[in-house]
Amino acid sequence: MAFPFRTIARVALGSALVFAGTSHLTFARRDFQAQVPEFVPVDTDTVVLASGIAEIALGTALVALPRHEKAVGTLAALFFTAIFPGNVSQWLHGRSAFGLDTDRKRAVRLVFQPVLVAWALWSTRTPR
């Protein structure tokens, strides 16, 4: 019975990634720029656009390539891990974006990044 739940979770995550990636390229572009750490040696807008394209690609692959779900899930988990320093940077530097206008809200958000990693892995694995 776990398969339908995992499939629903995988498609939901993929859809959320496509939406987030689209928002990187359109209406939330400035908010995403607040998350790019200073140490990244590339223009913040370029980083936001590239990560948006990556999210759209990952989300589409999660939905459209179920035969490769384990590999795509692993890539999504690695992506969520790779962007975590941006969330930490936003918290450390007190940058408001996405309604995260207090240190507490920004800190609470940090807790959810490992949840995304776990979601990507769990939803793309076949139970034993």
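Preceding block: the structure.
Residues numbered from 1 in each chain as written. Predicted model: local features only at pLDDT ≥ 70, side-chain atom pairs only at ≥ 80, totals over all residues. Heavy atoms only, no water.

Asks: So what exactly am I meant to see when it comes to the overall build of the chain here?
Replies: A count of helical and extended segments in the chain gives 5 helices and 0 strands. Reading the chain from its N end, one meets helices and strands in the order α-α-α-α-α. Here the C-alpha radius of gyration of the chain, 15 Å, is about what a compact globule of 128 residues would show, namely 14 Å. Structurally, the chain occupies a C-alpha span of about 45 × 30 × 25 Å along its principal axes. Buried residues in the chain amount to 35% of all 128 residues. Residue pairs in contact within the chain that sit at least 24 positions apart in sequence constitute 71% of those at least 6 positions apart. Accessible area of the chain: about 7500 Å², with a carbon and sulfur share of 70%. A gap of 12 Å separates the mean positions of the 13 positive and 8 negative side-chain charges of the chain. (Helix = DSSP H or I, 4+ residues; strand = E, 2+ residues; numbered from the N terminus. Rg over C-alpha atoms; globule rule 2.2 N^0.38 Å. Buried < 20%, exposed > 50% of the residue type's maximum accessible area, 1.4 Å probe, protein only. Contact = heavy atoms within 4.5 Å. Areas by Shrake-Rupley, 256 points an atom, 1.4 Å probe, with all protein chains shown as cover. Lys, Arg positive; Asp, Glu negative; His and termini not counted. Charge placed at Lys NZ, Arg CZ, Asp CG, Glu CD.)

Asks: Help me understand the packing of aromatic side chains in this model?
Replies: Aromatic rings considered in pairs are described by the distance between their centres and by the relative angle of their planes. Scanning the entire structure with this criterion turns up 3 aromatic pairs. Both rings, one in Phe32 and one in Phe98, keep their centres 4.7 Å apart while their planes meet at 65°; by these two values the pair is edge-to-face. Here Phe98 lies in the loop between α4 (69–92) and α5 (103–122) and Phe32 lies in helix α2 (residues 29–33), a separation of 66 residues in the sequence. Given a relative accessible area of 13%, Phe32 falls into the buried group. (Phe/Tyr/Trp six-rings, centres within 6.5 Å; stacked < 30°, edge-to-face > 60°.)

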